Amino acid sequence: MATFITIGYGDRAGYERTDPAVRDAAHAHDARLRADGVLMGAAGTPVQVRNHDDAGVRTAQGPYMHADLPVAGFAVVEAATAEEAATLVADSPWAVAQGVVEVWPLRPTPAGIADEIAPLRADGMEIVLPGDDDWDAARRAWHLTYDQRPDAVALPRTADEVIRIVKLAGATGRRVAAQSTGHNAPPLGDLAGTILLRTANMRGAEILPETRTARVNAGAWWEDVIVPAAEHGLSALHGSSPDVGVVGYVLSGGIGWQVRKHGLAANSVTAFELVTPAGELIRADAEQHADVFWALRGGGGNYGVVTALELELYPLEEVYCGWLVFPWERSAEVLQAWREWTATVPEEVTSVGRILQLPPLEQIPEPLRGRNIVVVEAAILTDEATAVDLLAPLRALGPEMDTFATTGPIGLMRLHQDPEGPTPVFLKADNFDTLTAETIDTFVAHLGPGSGSPLVSAEIRHVGGAAGRPHPGGGALDRFQGEFVYVGIGMPVTPELTQAIPVHLELVHRAFEELANGRTYLNFAEEPADTGTAFTAGAHERLRTLRRRMDPENRMRANHPIPA
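Residues numbered from 1 in each chain as written. Predicted model: local features only at pLDDT ≥ 70, side-chain atom pairs only at ≥ 80, totals over all residues. Heavy atoms only, no water.

### Quick word on the packing of helix α12 (residues 331-342) against helix α13 (residues 384-395)
Running from N to C, α12 and α13 cross one another at 150 degrees; their axes reach a closest spacing of 10 Å. When the interaxial angle is binned, α12 and α13 end up roughly antiparallel. Note on packing geometry: the crossing formed by α12 with α13 is right-handed. Contact with α12, carried on its side by A337, W338 and W341, involves L390, L391, P393 and L394 of α13 and no other residues of that element. (Axes fitted to C-alpha atoms, helices over the stretch in contact; angles between N-to-C directions. Helix = DSSP H or I, 4+ residues; strand = E, 2+ residues; numbered from the N terminus. Parallel < 35°, antiparallel > 145°, perpendicular 65-115°, else oblique. Left-handed = near helix turned anticlockwise from the far one by under 90°. Contact = heavy atoms within 4.5 Å.)

So, in structure tokens, the structure goes:
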């Protein structure tokens, strides 16, 4: 539970003109809060205290802050969220008797943590505390909509340093949240009582072409793997952006441009190195700690801190990929044609139907800058002649722009044109077993011309294929639960968009309720989710059992926690 300070403002005149029955009910409400342990009191005359530069104490009578109404009283309440705290004080005398109540989250400086981490800092470990010059940079997630405020941020360089941080947290009653880039960070929630362990100092990957594998460090981005692997004609099952962390991506599944051919990225992992909640470094693969190996392939960051992993690479010399761009007024026509086309293509084809409302930014190519368009993107893992034949039905629609060409595997890295670097984003997703004409009609009605949608991107990805079948020897997420996934994305760059985007995302989600399958893909769940909807019932129960055994004190903090 979080702690909130409430400040009530009101005056006698407002109190007197409030219905006595309403006032009596408010006083009774306060009495119940006091009985529940809420610290509450009326405001006396304050004293201002100054000791500038520690040069001498000066005091002055009266308040420092000023408001239209005088301060009437204070309370200290505990609640799960600010919204819950607001509900608790909404029926107080200050709120109902023509006054106002402020609700302030209290984020106490963790007692003693500076002393607790002093030995680690003395040994050269990088640990940042509130008030340090680099505090804001250290705690910043990729998701700028999420303001993460842990007790401390640790930036280890080695597995041994990870072990020391995990053991320190256990000894001091704190939890550990591991994070690379901070994609999918918002579901972590309030990080009070938590050490945020960021792996930014543990980047890098080693490519082993003779075994077609890569050894990937905890903080590596996909770019760290894609570029050196391409030198050997190899590719990994990476996602749609080069600056996404490899570890977080595979822990919760991983769907990218080769997903229909080779399946989820999680099931391409052959080994993990993990610091357990007890502070033990283990290697989990098919032969040792096989239950942990199974859980980490899709079960998220619930079982420890991954310090390295090994994954398969796949031969890929060339790929035929690109965009077909159409005016957005043709959204319904183009996306219905794309829907029909997806039913005809082999598993070597992974594609996306997408509506974009592009801002007028310089980094966007001039022909598209500031425009609304409908796009079909695809990666076709065949020779060029076969790919051209496969693409012909969509080209027959007459796109205004066609960027398809043969490229090396690096060409897939930025095909989707995701924003790179810390970005403010709101996102919501739904899975579908099939893509019907009605689904496309609903998609266009709520996100296309005339919809008033504030979203910058709305897309439907074709998954299925190998990803839709149970992977032989696969992990906790051995298949993708659905053939298609919708993703709506808004960028809250103004106060108006900050208000409008979540409302519209929820509107679309409700419109899809009868059409979607109710399953959750956790990498696209940017708010707390029921993890039971992300796995089969048997897999979820097995994950819960392992969580109880490995982390009985609930020390690990994952963005999507598996309940014990």
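After that view of the structure, there is still more to cover.
### Describing the packing of α12 against helix α14 (residues 437-447)
Orientation of α12 relative to α14, taken along the N-to-C sense of each, is 150 degrees, at an axis distance of 10 Å. For the crossing formed where α12 meets α14, the hand is right-handed. Listed contacts from α14 to S331, A332, L335, Q336 and R339 of α12 are A437, I440, D441, F443 and V444. The residue makeup of the contact of α12 with α14, split by class, is six nonpolar, two polar and two charged. (Nonpolar A, V, L, I, M, F, W, Y, C, P; charged D, E, K, R; others polar.)

### Here's the deal with the sheet that holds strand β12 (residues 213-217)
In a beta sheet, neighbouring strands pair by backbone hydrogen bonds and run either parallel or antiparallel. Spatial strand order, β11-β12-β16-β14-β15: five strands in an open sheet with antiparallel pairing. Among the strands making up the open sheet, the edge pair consists of β11 (205-208) and β15 (281-285). On average, each strand axis in the sheet is tilted by 15 degrees relative to the strand beside it, whichever way the strands run. Bridge count for strand β14 (residues 269-275) against β15 is five bridges, and the pairing is antiparallel. By the bridge assignment, F272 is partnered in β15 with A284. Strands in contact with helix α8 (residues 222-230) are β11, β12 and β16 (305-312); relative to β11, the strand with the most contacts, it is inclined by about 30 degrees. (Pairing = 2+ DSSP bridges.)

### Quick look at unusual backbone geometry
Non-glycine residue D53 carries a positive phi angle of around 55 degrees. Secondary-structure assignment places D53 in the loop between β3 (47-50) and β4 (58-61). Exposure remark for D53: the relative accessible area of 77% places this residue in the exposed category. (Buried < 20%, exposed > 50% of the residue type's maximum accessible area, 1.4 Å probe, protein only.)

### Re a negative patch on the surface
Judged by side-chain charge, E317, E318, D383, E384 and D389 come together as a negatively charged surface patch. With respect to the helices and strands, E317 occurs in the loop between β17 (314-315) and β18 (319-327). (Patch = residues over 30% accessible without salt bridge, like charges linked within 9 Å, V, L, I, M, F, W, Y side chains within 5 Å. Areas by Shrake-Rupley, 256 points an atom, 1.4 Å probe, with all protein chains shown as cover. Salt bridge = Lys/Arg side-chain N within 4 Å of Asp/Glu carboxyl O. Lys, Arg positive; Asp, Glu negative; His and termini not counted. Charge placed at Lys NZ, Arg CZ, Asp CG, Glu CD.)

### Details of the sheet that holds strand β6 (residues 100-106)
If you trace the four strands from one edge of the open sheet to the other, you get β2-β5-β1-β6, paired in antiparallel fashion. A single partner strand is all that each edge strand has here, and the edge strands are β2 (39-42) and β6. The sheet shows a mean angle of 15 degrees between the axes of neighbouring strands, direction not considered. In the sheet, β2 pairs with strand β5 (residues 71-79) via four bridges, with the strands oriented antiparallel. For M40, the partnering residue across the bridge sits in β5 and is A75. Helix-sheet contacts for helix α3 (residues 82-89) involve β1 (2-9), β5 and β6, and the interaxial angle to β5 is about 130 degrees.

### Examining the packing of aromatic side chains
Taken as a whole, this structure holds nine aromatic pairs when the rule is applied. Among the aromatic residues, those joined into a cluster by ring pairs are F432, F443, Y486 and F512. In this arrangement the basic side chain of R297 is found over the ring face of F293, its NZ or CZ atom lying 3.8 Å from the centre. (Phe/Tyr/Trp six-rings, centres within 6.5 Å; stacked < 30°, edge-to-face > 60°. Lys NZ or Arg CZ within 6 Å of the ring centre and 35° of its normal.)

### Things to note about the pattern of salt bridges
Any two side chains of opposite charge can pair, on the condition that their charged atoms come close. Per the counting criterion, the structure on display carries 35 salt bridges. Among the ionic pairs, R371 bridges to E400, the shortest N-O distance being 2.6 Å. Of this pair, R371 sits in the loop between β19 (349-357) and β20 (372-380) while E400 sits in the loop between α13 and β21 (401-402), and the two are 29 residues apart along the sequence. R371 sits in the partly exposed class, given a relative accessible area of 25%. A cluster of three or more residues bridged by salt bridges with shared partners is formed by R215, E273, R283, D285 and E310.

### Considering the pairing of β19
Within β19, nine of the nine residues are buried, leaving the element largely enclosed by the surrounding structure. Covered by surrounding structure in β19 are V349, S351, G353, I355 and Q357 together with T350, V352, R354 and L356, the residues of both alternating faces. Note: β19 against β20, nine bridges, orientation antiparallel. In the sheet register, L356 faces β20, and the bridge partner there is I373. The sheet contact formed by β19 and strand β24 (residues 457-462) spans five bridges and is antiparallel.

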